[in-house]
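Observations on chain architecture
Take a look at the letters that make up each chain.
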Amino acid sequence: SSSRTFCRVRAFGRPPSPHERKGRRCDFGSLTFATAADQSTMLSTLRAPASRGAAAAVAAARVGPSRPLPGLRGLTSAAASRHGTAPSRPSTLAAQRRWFSAPAPEQYEFKAETKKLLDIVAKSLYTDKEVFIRELISNASDACEKLRFLQGSSQLQDIHDEDIPLQVKLSVSEDERQFTIQDTGVGMTREELISHLGTIAKSGSLDYVNSGDTDASKIIGQFGVGFYSTFVVADKVEVFTKTCDPEKGSQGYLWSSDGSGSYTITELDDVPRGTRIVLTLKDDATEFAKLATIKKAAEKFSSFIDFPIFIKEDGEDKAVNKQEALWMKTSATEEEHTQFFRFLSSTSYGKPYYSLMYQTDAPLSIKSCFYFPDPDNAPSRMFARDPEVGISLHSRRVMVKKNADGVVPKWLHWMKGIVDCEDMPMNISRESMQDSRLMEKLSMAVVRRVLRFLDKEAQKDPEKYGKFFKGYSYYLKAGIIEDKEANNGRHKDDIMKLLRWETSKKSKGEVISLEDYISTAKDGQKNIYYFCCPDRSTAMSSPYMEQFIQRDRNVLLLYEEIDEYVVNTIEGFKGWTMVSVDSADKDFELDLDPVEEQKSENELNVDQQKELSSFIKSVLKERVQEVKYSSRLVSSPAIVTSIISPHMRKMMKNMMAGKEDTGFGSIPMTLELSAKHHIVTTLHAIRESNEPVARIAVEQMFDNACIAAGTLDDPRILLARLGKVLEMFVYQGAGFDYAKGEYVSTTGDSPPKPLEAPEAGKSKAEGGSKFEEEKPVVKKAEEAKA
């Protein structure tokens, strides 16, 4: 003691024996001495009040017994053993005085806002605990990358530990609940420790970029928010580090914190170049002290890191990242693409149908590769409710998101590949993807490049692309609809170039694009005509196609249900309007190719048309909204049209099943008739003279038109009426005259027996029955003879 300082040091246990004084180690306070002589030297040092040793002792007393004096020489035996070097005693008294007077740990307080952010990071931001492994591997990789850049740009002529290669090592200790990661990169000085680790979201690489080095943008960030994800799983974090630059010094440091609001920095000797991080895990995170867990996570996040990553297993360092980052190359062979595709698909067979390598520096720095699986293996839509995107997002070879649905839309989920964006910030956005503008820009660039690549391939080899489109047509068509809803049709034009359909003028199975359709259209034509139908034979026999076949017009044949939604979404293409051949009140441009009309003597005039229309409305009642006459029919008597196409009407009715009260189940239709057709003219003639037959004919003609439109819900409802029509044929063949209500005599060996015919116009029921006449009844034999 003295008038200026006071320090009390207590030796643990009993005083050392003479034998122990000769060479045995003994503990003194929180310090460890090799010999009792060292202990005596320490006591002598403490007796000098003005010496640096007294100041060091006072500092040690302030730190408390639980904090060892700084420096490797001042560490406890356990700490020294953990660091890998045992303390050695100096040879001279002066050296011993300096040895015992090493500076104490310097304690720093996090700022108030930093404490708050640290609490948020540890408790809220990272929802997946294993994310800390990704962050630490990323930081280690960046530290190695930065050193390689400094050496390559001749900014560093000499470095510490030149013989140590650039690499990353992982190890665990399940007994001590510890996880360790070590890199041989740039390391840090005291000032860099305070700057990089003392402030949340402080990026060492950001300062590096701001220093004026143009290529330094390669470094994502040495330490930032990602480093603090370690406190999600660790009670204590220790960072051992030494800078690579001899000009900045050769002193090593220990940064330590429990995340409670402060950290300490301690000087250490014999620290190798780079950074080693030791995590003492929490009770609920002990799974990360297990080798299998760490190995699986390391393989997941570091498959393509550009530096060797090893994990200590059974006393040996075993490589983790064996797969080459193919997308970082400017070109690759077909075999390399095949192997990488199998790696991404987790299979040992198969090859990509198309392969695309895409690299650009504008608008973002992107390196990527994409694979299009064989269309024979296209995913089934039957069970895929919410498929996962097969493209993963990386930054600097480190996986940011396994399923990059923010970059690649769901309708391209079947693709395989990797997008590596160097502009992706390696901090909060890596977990929560909050930088929506950056993601939107990245998505736009990637999707546009993929679509334009497919268009180029389609022009290069139409037959090969035709097979591809057959397997993935649904997803490209769904892309039209989803893109309009999500992005207001940003990619509409590019997707529309990829669509293919059969046409009426091509053979079955031969498809064309919209651009091909336009190039073969008639002069002056401004409409693209299409027909939604179940198959080709149905389309070519449909009454809606008659005028187009007559005029040799090309019509797109759309077989899938989604096609109707697609054409309603796109509305047009390059100024051309999409027009359905079964739509009502559309301009079909009939003046482009007029045909010579054949005049019919029996064609109904205006008054006759009105009379027949009134009769038909009285029979069909609310099932038709209007009856009109059209020139679009060539060989068919009638068709039905509506404000929506028949195909869309059918789909809407199916969707609204059980909700008929909403009105969608019974949207009224318009019946269009041909005033020249012989069935229509004859129907007008018999509407009064033979009303029962006329009513059945009207019903059947309307149902036939509905069948042609595909809107008849259940054809079994026609069986009763078809039976009645068959009965009429049989009786008329037997000589029954429905107009007179009696049989007429015929020639032959066995003339028909006289029959009692029903009175014409009589019906079994009023309104409710579909049949408006009774069956003719045959008289008994006795009555016939009389």
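Here the structure is a predicted model, which means the values were calculated and not measured.

Analysis parameters
- Residues numbered from 1 in each chain as written.
- Predicted model: local features only at pLDDT ≥ 70, side-chain atom pairs only at ≥ 80, totals over all residues.
- Heavy atoms only, no water.
- Disulfide = S-S within 2.5 Å.
- Buried < 20%, exposed > 50% of the residue type's maximum accessible area, 1.4 Å probe, protein only.
- Axes fitted to C-alpha atoms, helices over the stretch in contact; angles between N-to-C directions.
- Helix = DSSP H or I, 4+ residues; strand = E, 2+ residues; numbered from the N terminus.
- Parallel < 35°, antiparallel > 145°, perpendicular 65-115°, else oblique.
- Contact = heavy atoms within 4.5 Å.
- Nonpolar A, V, L, I, M, F, W, Y, C, P; charged D, E, K, R; others polar.
- Pairing = 2+ DSSP bridges.
- Left-handed = near helix turned anticlockwise from the far one by under 90°.
- Core = buried A, V, L, I, M, F, W, Y, C linked by side-chain atoms within 4.5 Å.
- Salt bridge = Lys/Arg side-chain N within 4 Å of Asp/Glu carboxyl O.
- Phe/Tyr/Trp six-rings, centres within 6.5 Å; stacked < 30°, edge-to-face > 60°.
- Lys NZ or Arg CZ within 6 Å of the ring centre and 35° of its normal.
- Expected span 1.5 Å × (residues − 1).
- Bend = angle between axes of the 7 residues up to and from the residue.
- Patch = residues over 30% accessible without salt bridge, like charges linked within 9 Å, V, L, I, M, F, W, Y side chains within 5 Å.
- Areas by Shrake-Rupley, 256 points an atom, 1.4 Å probe, with all protein chains shown as cover.

**Focus: the state of the cysteines**
- In the structure shown here, the tally under the stated rule is zero disulfides.
- Cys532 forms no disulfide, and the closest cysteine sulfur to it belongs to Cys533, at a distance of 7.3 Å.
- Relative accessible area serves as the criterion here: at 6%, Cys532 is assigned to the buried category.

**As for the packing of helix α20 (residues 606-620) against helix α22 (residues 678-689)**
- Relative orientation of the contacting elements α20 and α22 amounts to 75°, with a least axis distance of 10 Å. Here α20 lies roughly perpendicular to α22, going by the angle between them. Of α22, the residues touching α20 (which contributes Gln608, Glu611, Leu612 and Phe615) are Val680, Leu683, His684 and Arg687.
- A breakdown of the residues in the contact of α20 with α22 according to their chemical character gives four nonpolar, two polar and two charged.

**Considering the pairing of strand β16 (residues 416-421)**
- Within β16, five of the six residues are buried, which leaves the element mostly enclosed by the surrounding structure.
- Bridging between strand β13 (residues 366-372) and β16 involves six bridges; their strand directions are antiparallel. Opposite Ile366, over in β16, you have Cys421 as the bridge partner.
- As paired elements, strand β14 (residues 391-395) and β16 share four bridges and run parallel to each other. Residue Ile391 lies in a different strand from β16, and its bridge partner there is Gly417.

**Concerning the packing of helix α14 (residues 462-487) against helix α19 (residues 562-570)**
- One can describe the packing of α14 onto α19 by two numbers: an axis separation of 9 Å at closest approach and a directional angle of 40°. Considered as vectors, α14 and α19 are oriented oblique to each other. With respect to the hand of their crossing, α14 and α19 are arranged in left-handed fashion. Within the contact between the two elements, α14 uses Tyr474, Lys477, Ala478, Ile480, Ile481 and Lys484 and α19 uses Ile562, Asp563, Tyr565, Val566, Thr569 and Ile570.
- Among the residues forming the contact of α14 with α19, the class breakdown is eight nonpolar, one polar and three charged.

**Some points on the environment of Asp493**
- Mapped onto the fold, Asp493 is located in helix α15 (residues 492-496).
- The sequence separation of Asp493 and Ile480 amounts to 13 residues, and the corresponding C-alpha distance is 9.1 Å.

**What to know about the pairing of strand β10 (residues 309-313)**
- Residues Ile309, Ile311 and Glu313 point to one face of β10 and are all buried, whereas Phe310 and Lys312, pointing to the other face, are not buried.
- Bridging between strand β4 (residues 168-173) and β10 involves three bridges; their strand directions are parallel. From the neighbouring strand, Leu170 faces β10, where its bridge partner is Ile311.
- Direction of pairing for β10 relative to strand β11 (residues 316-319): antiparallel, over a ladder of four bridges. Bridging from a neighbouring strand, Phe310 pairs with Ala319 of β11.
- Here β10 folds back onto β11, and the loop between the two strands holds two residues, one of which, Asp314, carries a positive phi near 55°.

**Thoughts on the environment of Gln151**
- In this structure, Gln151 sits in helix α7 (residues 131-152).
- Judged by relative accessible area, Gln151 falls into the partly exposed class, the value being 35%.
- Other than its neighbours up to four places away in sequence, Gln151 contacts Leu156 and Ile159.

**Some points on the sheet that holds strand β24 (residues 638-641)**
- Across the sheet, which stays open at both edges, the three strands sit in the order β23-β25-β24 with mixed pairing between neighbours. Only two strands of the sheet have a single neighbouring strand rather than two, namely β23 (624-629) and β24. This sheet shows a mean twist of 25° between the axes of neighbouring strands, independent of strand direction.
- Examined bridge by bridge, β23 and strand β25 (residues 669-673) share five bridges and lie parallel to one another. Note on β25: the bridge partner recorded for Val627 is Leu671.
- Where α20 meets the sheet, it contacts β23 and β25, and its direction lies at approximately 155° from that of β23.
- Against the sheet, helix α23 (residues 691-709) engages β23, β24 and β25, with an angle of about 60° to β24.

**With respect to the nonpolar core**
- The biggest cluster of nonpolar side chains holds 101 residues, and the ones touching the most others in it are Phe372, Leu442 and Leu671.
- No other element matches helix α13 (residues 436-460), which puts 11 residues into this core.
- With residues near it in sequence (within four places) discarded, Leu671 still touches Ile616, Leu620, Val624, Glu626, Val627, Lys628, Ala638, Ile639, Val640, Phe702 and Ala705.
- Core analysis: the next-biggest nonpolar cluster, separate from the first, contains 50 residues, Leu150, Leu156, Cys244 and Phe301 among them.

**Description of the sheet that holds strand β7 (residues 252-257)**
- As summarised here, the arrangement of the nine strands in space is β3-β8-β7-β6-β9-β5-β4-β10-β11, forming an open sheet in which the pairing is mixed. Each end of this open sheet is capped by a strand with a single partner; those strands are β3 (106-109) and β11. Between one strand and the next, the sheet's axes are offset by a mean angle of 20°, whatever the strand orientation.
- Its contacts with the sheet place α7 against β4, β5 (178-183), β9 (274-281) and β10, and it is angled at close to 20° to β5.
- Helix-sheet contacts for helix α10 (residues 291-301) involve β4, β5 and β10, and the interaxial angle to β10 is about 165°.

**Side note on the pattern of salt bridges**
- The final tally for this structure, using the stated rule, is 37 salt bridges.
- Residue Lys460 pairs with Glu457 through a salt bridge whose shortest N-O separation is 3.3 Å. With Lys460 and Glu457 both in helix α13 and three residues apart, this pair spans about one turn of that helix.
- On the basis of relative accessible area, Lys460 is assigned to the exposed category, the value being 57%.
- For Glu457, a relative accessible area of 11% puts it in the buried group.
- The network of salt bridges with common partners includes Lys522, Arg551, Arg553 and Asp593.

**Let's talk about the environment of Met540**
- Its place among the elements puts Met540 in helix α17 (residues 536-540).
- Among the residues examined, Met540 registers a relative accessible area of 29% and is labelled partly exposed.
- Along the backbone, Met540 and Leu557 are 17 residues apart, and their C-alpha atoms lie at a distance of 9.5 Å.
- Every residue in contact with Met540, bar those within four places of it in the chain, is listed here: Ser504, Met545 and Ile549.

**What about the packing of aromatic side chains?**
- Here the structure, examined in full by the defined rule, presents 28 aromatic pairs.
- By way of ring pairs, the aromatic residues Tyr353, Tyr354, Phe372, Trp414, Phe453, Tyr465, Phe468, Phe469, Tyr472, Tyr474 and Tyr475 are connected into one cluster.
- Over the aromatic face of Phe240 sits the side chain of Arg276, whose NZ or CZ is 4.4 Å from the ring centroid.
- In this structure, Lys464 is placed above the aromatic ring of Tyr353, and the distance from its NZ or CZ to the ring centre is 5.2 Å.

**Observations concerning α14**
- Taking 1.5 Å as the rise per residue, α14 with 26 residues should run 38 Å; its terminal C-alpha atoms sit only 29 Å apart, a clear shortfall.
- Tyr472 marks where α14 bends most, by close to 70°.
- In the stretch just after α14, Asn488 is the one whose phi turns positive, near 60°.

**With respect to a nonpolar patch on the surface**
- Together, Leu726, Phe729 and Val730 make up a nonpolar patch on the protein surface, roughly 340 Å² of accessible area in all.
- Tracing the sequence through the fold places Leu726 in helix α24 (residues 719-733).
- A relative accessible area of 54% places Leu726 in the exposed class.

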